[in-house]
Amino acid sequence: LAQVLSLCLRHDTLTELELVGIRLHNDFFRLLAKGLQHNNSLRVLCFNDSDVGDQGVSLLIPGVREHPTLTRLQMCNCSLTDAGGREVMEMLRQQAERLSLASWRHSLRTSVSKAESDRGIKVIALSYNALGDSSMSLLASVLSLDSSLREVYVR
């Protein structure tokens, strides 16, 4: 499955990838992160009810962090703890800072396009995970920045 998806992601036709209720291994996340680095079309990535875990998030984040078109990340009921939540929030914080810088550059009328400053995850769904206070504090700090987040789902 991982090799097939990695190959599919290399072609810019896949816009949504939903892997719901599937038991996934760390090698899968490693290959998927590599595939995401070569993809320019994926908009939705959903792992709801899959056993991603903190280690899976750690392996996946490098592919998600710089993805140019990904706008929705869903990881509800994915066995994440506060450690995995912090990694996701840190990625969102870095994204917000990068987007803020791109927006500032665009306001100076440099070569940075408006589209570049509009990139980023707009919807994050992390409900039914064991996220703690430190994850929620980081989420609050992300929301206080001029981030691209428009919808946040946490229960």
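Residues numbered from 1 in each chain as written. Predicted model: local features only at pLDDT ≥ 70, side-chain atom pairs only at ≥ 80, totals over all residues. Heavy atoms only, no water.

Help me understand the pattern of salt bridges in this model?
As a working rule, side chains carrying opposite charge can pair if their charged atoms are close by. Tallying each qualifying case throughout the model produces six salt bridges. A salt bridge links Arg23 to Asp51, with the shortest nitrogen-to-oxygen separation between them at 2.8 Å. With Arg23 in the loop between strand S1 (16–18) and helix H2 (26–36) and Asp51 in the loop between strand S2 (44–46) and helix H3 (53–65), this residue pair connects regions lying 28 residues apart in the sequence. On the accessibility criterion, Arg23 (60% relative accessible area) is exposed. (Salt bridge = Lys/Arg side-chain N within 4 Å of Asp/Glu carboxyl O. Helix = DSSP H or I, 4+ residues; strand = E, 2+ residues; numbered from the N terminus. Buried < 20%, exposed > 50% of the residue type's maximum accessible area, 1.4 Å probe, protein only.)

Just to check I follow, could you spell out the confidence of the model for the protein chain for this structure?
Fine structural detail should not be taken from predicted coordinates in areas where pLDDT scores are low. Mean pLDDT over the protein chain: 89, with 94% of residues reaching 70 or higher. When pLDDT is averaged over each helix and strand of the protein chain, the minimum, 53, is found for helix H5 (residues 114–117) and the maximum, 98, for strand S3 (residues 72–74). (pLDDT = per-residue confidence, 0-100.)

Is there a simple way to think about the sheet that holds S3 in this case?
In sheet architecture, strand pairing relies on hydrogen bonds along the backbone and comes in two forms, parallel and antiparallel. Pairing in this open sheet of five strands is parallel, and the strands run S1-S2-S3-S4-S5 from one edge to the other. For this open sheet the edge positions go to S1 and strand S5 (151–153), each flanked by a neighbour on one side alone. Averaged over all pairs of adjacent strands, the angle between strand axes in this sheet comes to 5 degrees, irrespective of strand direction. Inspection of the sheet shows S2 paired to S3 by three bridges, in the parallel sense. Along S3, the bridge assignment pairs Leu45 with Leu73. (Pairing = 2+ DSSP bridges. Axes fitted to C-alpha atoms, helices over the stretch in contact; angles between N-to-C directions.)

Honestly, a nonpolar patch on the surface in this entry has me stumped. Any pointers?
There is a patch of nonpolar side chains on the surface, built from Leu101, Trp104 and Leu108 and spanning about 310 Å² of accessible area. Leu108 sits in the partly exposed class, given a relative accessible area of 47%. (Patch = residues over 30% accessible without salt bridge, like charges linked within 9 Å, V, L, I, M, F, W, Y side chains within 5 Å. Areas by Shrake-Rupley, 256 points an atom, 1.4 Å probe, with all protein chains shown as cover.)

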